[in-house]
Amino acid sequence: MTFGFTERRGPAQAIVWRLLNVFSILLFLQTGYCSVTTNKFTAAQVGQDVTVTWNYSPPEESTATATIQWHKSGIQIFQRIVSTGVDIPSAGYGARVDIVLTDSQVDFKLKNFVVSDEDTYRADFGFIINGELNIESSSTVIAVPAAPEPETPAITGYSGGYVAEGSSLTLTCESTNGKPPSDLTWWRGNNQLTASYSSTSDDTGQGDATSVLNITTLQPSDNNGEFQCRATQLALTQEETNQVALNVSFIEDTTSISGYTADTPVDSGDPLTLTCTSGSSNPAATITWSRDGGSTIAGTNDGQVAGNNGGMVTSQDLAISLQPEHNGAQYSCSATNSELSLSRDSSVVTLDVRFFSPGTTISDDDTTTVRAGADLTLTCTSGNSNPAAGISWTRNRTAVTGTNSQQPDSDNGGTVTTQQLVLDSLRPEDNGTVVTCVATNAGLGQTQRDTVTVIVEYGPRNVQVTCNPSDLDDLREGGDLVCTCTADSNPAAQYSWSWTKDSTTASPPPGAVVNAASDTLTFSSLDKTHSGVYRCTANNGIGSGVASGDITVDVKYPASITSITPAVTVDEYGEVTLTCTADSNPEPSPDSFKWTSMDGTGIPGTLSNNGFTSTGNINDITYLQAGMYTCTASNGIGDAATAGTEVTVEYRPKFYPPPDPYPAAIGADVSMECSAFAVPDTITFTWSKNGTTLTNSSRFTLQSSGETSVLTITSVEEGDYGTYNCTAANDKGESTTTRALQPLGPPGKPTGLTVLSKNAEFVVEVTWTAGFNGGLDTTHTVQLKKEGSDQWMDVGRQQETVSQQRPTFDMSLNLKGQKAGDYQLRINASNDQGFALSDPVDLKLEGNKTLYGKITRDVDWNAALEDKTSPEFEEEARVWEGNLDKVFEHFIGYEGVSITEFSEGSIVGKFEAVVAQSESELAIAAFETQVTSGSVGDLTNVKADSSISQTKPETPDPSSDNTTIFIAVGVCAAVLVAIIVVVVVMVMRRKAAKTKKDPEHRKPKPMGVARPFLSDAPATPTSELEMEGPYATSTSAQALGANPYDDVHFERDDKTGASPGASAGPVDPSAEYATVNKNKDNGPADPSTVYAQVNKPKKDQPTPVVDPSSEYATVDKSKKKKKDVPPPAEDPSAQYSEVKKGKKKDKKASPPPGPDVVYSEVKKDKKDKKDKKKPSPAKKPPVAKKPGKNEERLYDEVPQGAAGATSDENPYEDPADSMPKQKNAQGLIYAELSDFQVKPAKPPPKPVPPKPRYQDEPTEYASINWNASRRRAQEQSQSGSTTDDETPVTMI
């Protein structure tokens, strides 16, 4: 130890301090007792001051404290000479260290703590003892606390599972990398447990803490007990915990039996249920029963309920049908904990069963023939009985008294009672005397009796045997047989049976029960050992008789295999012979006695040994035929017998399918793999190229393991490309395969492109398999081409990484942007080296078709199927739909099937199936084929009452009758007459309108591509069909023979000489013009169908009529629409909201007043009561706004009109500049076929609106999208040119 300092001093000071250090070292060797203590760890915060307190007590013999020194990692940083109060800090610590010294402690303050200050600090106290300096030290770590990692302590010593009751367990809690180490305690609930704690730390105070909890003896109460380790530490904001819950296995010794009270009699024939109940056990105990200490008996009705300490109490019943043999039977049960292998036994229960076995008989103890004058002694013997039976006699129905009663013990704890009756001096007239013995079991209240007739005694005769069943030719193993022997004798004969088999005669075999009292031979369960010849002999002591015929018992039993060829090992292409011998009665059938391979295929063979041996032969066996071969034998009785023999085929190595060529760039590393399999499976690999065997070198590395060998080439060179031979050898020979190394290249051709499914939304599912990727990442692009086009478009993409080997891709294509029609799909696989195209496949994008069908099944009707919400309906529908799926699922346009209803008869299920339009006929044919076969999927059907159609069947109205039909016909006729009248009136009015004088060039023309009529470029009318109005067109459109209204917009008409600058003709201000779409057919235009009058006329005007036979398909390029009826008439006083090409808005348009107005028909707002009689004044039109990229609508409202629109809002503000020059020389504004409508301007006060021009004329047009020239409107506005009955109109 040194007391030196590192700060600089003068020469004299240095000498003094060196002497002092030497003196201190010498004094340090003279130790005395003192105490210096401090905390092992002192927490600090960077940038703050930290104070460490050392407590000390000088030795009693100490006279003074001479010096205190502080060291950091053993290097002195500060010293105080206590006697002088001089502080000697090391360099850098003069201003940072401060101390406060008292008699028992010293506070050491380190100012402005920095990270580099983290270290172990030691204080050396020098005490003067007997004039000498004695040093005592104590250390602490000053550091910034750091939380352990992880913060949650870890527990080891128990990882789950059972721990046995009574065993010990050690749990260890660890917290690592804490600064300082964590304090760890163990708890169970709110009780802290005693544990062993230890910790380690480095110079910075960082270290690990461990707490060990020893549980010496586990108790049942510890089961499910949670043992928690709690960690506290300066850097933790809260106590961190971890815990384990123990699973203690135990069983309580309280097993008991209930259900029977000791010494209480029970009666034979009654049921008795004993219940065994275990004590609480974890895991739950299993219960076994035993009788008389013998083998176990199976119980029933296992039950478990919660027991003590988290265990389970198990119960089990033993049902007994009481029989005489149960008397005195001792039952016990045992509850066993399988985890502990420990059983707890119940006490023994002994049954007292009352029974009375049959067999009460009367016998004569005198073996001589009774003759007249002789005495006859009869003995009555009761059946085995508990309690003992009493005996009484009658002679010719008169009670008599017997003598010499005895009660010897018998089977099953019962007693046989005997008693004699002596008949004295029998005379011939006593022949036929009836003597009856009655044995009574008083406990059961049962009696048995036997009666004899006293006659002249004679030996047995007419001995016969009868059997049940009587057909002895069909006795089966396991069946029963009872044969009864009878004889005519007096007294009654006794019977015996003999058994002859294989020329040996003996008593009947085991399992054959002879009952002398009932004269029977009983087999309760026949087996093959019972076969043989049985003979019955009757004897009554006077003579004996033998049955007139023997019985032959031939027991039929199933086949069993008695021997089989053991496991076989053979070289490939060798021969194998397999032999199997069976035993059965009768012999196995030839068709079922055979050898089969692993896949169930039979192998050739022969039968021998009277059909009891089957031999199978395998010639030229291959390795694929190795495996388990099964011998099967059956004679039609019971289950077939089977046994197997393992055949091992040894062969030289065979290679797994080769991979793709190995692509590699110059300078790259590549590894080629060669894998083989063989038996024996010890394989040696060698590699060669061009006849030269390869070995490990600086560039070539060969590694082989098991079935695989890998050749690695480092930094591939040009000469490395080529074919490599891989040779695999074992004890049976060798085989060679090749591996190809080639440069990086283009991908291989994709294959297997298949359309899996499609739907009417043009969502298509496809699949394909990639070819060889050429060693590069490859892009698979799905391309689509319309039939007749040579342009392919990309519609999908999949990426293949170089590590993938010929992957199969499944992809969903969204082709909603395509039109219906025939297409082709292909895959373009490309990488940096090139591309490859798959073979194209055809694809038809089309709508779907709903097929309507029904299936009739001849099964019982269930009324619950009428309710579509019932579980029965849902379950039955699911089954039917699953079977219908089997019919249609192979059609790629199949979208599903649903059962719509079930009806009675027996069960009729109606369904709707959706398929592609082009597949509908094939789908119908597929269904009809199934129906014809008698089964749709797995559903058997009635052919005549199952059908399918493309037409939805009409639902009959059960309430309709002939009266309703007549009324409907009459109403329809009246409506038809009204329509004809209206049409005639409208035609007449139209003819009247045609005669009216109009300005020049205003005659009607057939409607084609709508263009403004130009007065300064006249075209000579060619017929009276030329229509008048601002929407005339050239007659050339009519000659086309096509629908003249397919494309409704305006463009320059070079054919008619139309030119810019012309003014438009007048428009009827009382008419509102809806949009006109496609004509009903493609025939020539009807001049009477120009405008559909949709405004609401005044009361004195006739109601406009629309032809109900028209087809009204609204032309809208943004979205298809279908309307079944023409739009209603519009009120001219209504306010119209702005034009949107999508969802309607309710916001009212409020354009500034002006002389001109254009309304975009989207919706009609509520009427203004003030304008109910007068039309609203003309308003400036909203300006069409250019739609955003993702906007669904095309036109937004610009409140100030064109003048208020910015350039980005109104691309048509200056038509001459904004429109395409080649198509818009007239500066026309194009509307996107939305629902435009013109609203008339407000007339002068008290006007008399003219009669609408075509309001009563029929039309086939629901609505027209009309576009007019802005220039024409401007010219009209500037010139003020109007007719006497028309108001200038601006249209866009």
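Residues numbered from 1 in each chain as written. Predicted model: local features only at pLDDT ≥ 70, side-chain atom pairs only at ≥ 80, totals over all residues. Heavy atoms only, no water.

### Describing the sheet that holds strand E43 (residues 475–476)
The strand order E43-E52-E54-E57-E56 describes an open sheet built from 5 strands, whose pairing is mixed. The sheet is open, and its two borders are formed by E43 and strand E56 (605–608), each paired with just one other strand. (Pairing = 2+ DSSP bridges. Helix = DSSP H or I, 4+ residues; strand = E, 2+ residues; numbered from the N terminus.)

### Brief notes about the pairing of strand E10 (residues 132–143)
Among the 12 residues in E10, 9 count as buried, and that is most of the element. Examined bridge by bridge, strand E9 (residues 119–129) and E10 share 11 bridges and lie antiparallel to one another. Residue pairing across strands places Phe-127 opposite Asn-134, the latter belonging to E10. From the end of E9 to the start of E10, which pair antiparallel, there are 2 residues, and Asn-130 there has a positive phi angle of about 55°. (Buried < 20%, exposed > 50% of the residue type's maximum accessible area, 1.4 Å probe, protein only.)

### As for the sheet that holds strand E1 (residues 35–37)
Taken together, 4 strands build an open sheet; the order of strands is E1-E3-E8-E7 and the sheet is antiparallel. Edge positions in the sheet fall to E1 and strand E7 (97–101), since each of these pairs with one other strand and no more. Mean inter-strand twist for the sheet, computed between neighbouring axes without regard to direction, equals 20°. Bridging between E1 and strand E3 (residues 50–57) involves 3 bridges; their strand directions are antiparallel. Bridged to Val-36 within E3 is Tyr-56. (Axes fitted to C-alpha atoms, helices over the stretch in contact; angles between N-to-C directions.)

### Considering the pattern of salt bridges
Applying the stated rule across the entire model yields 23 salt bridges. Residue Asp-571 pairs with Lys-732 through a salt bridge whose shortest N-O separation is 2.8 Å. In this pair, Asp-571 is assigned in strand E53 (residues 568–571) and Lys-732 in the loop between strand E66 (722–730) and strand E67 (733–742), connecting sequence segments 161 residues apart. By relative accessible area, Asp-571 is classed as partly exposed at 39%. A salt bridge links Arg-699 to Asp-720; the nearest nitrogen and oxygen atoms lie 2.2 Å apart. In this pair, Arg-699 is assigned in the loop between strand E63 (692–694) and strand E64 (700–705) and Asp-720 in the loop between strand E65 (708–713) and E66, connecting sequence segments 21 residues apart. The burial state of Arg-699 is the same as that of Asp-720; both residues are buried. The network of salt bridges with shared partners includes Asp-571, Glu-650 and Lys-732. (Salt bridge = Lys/Arg side-chain N within 4 Å of Asp/Glu carboxyl O.)

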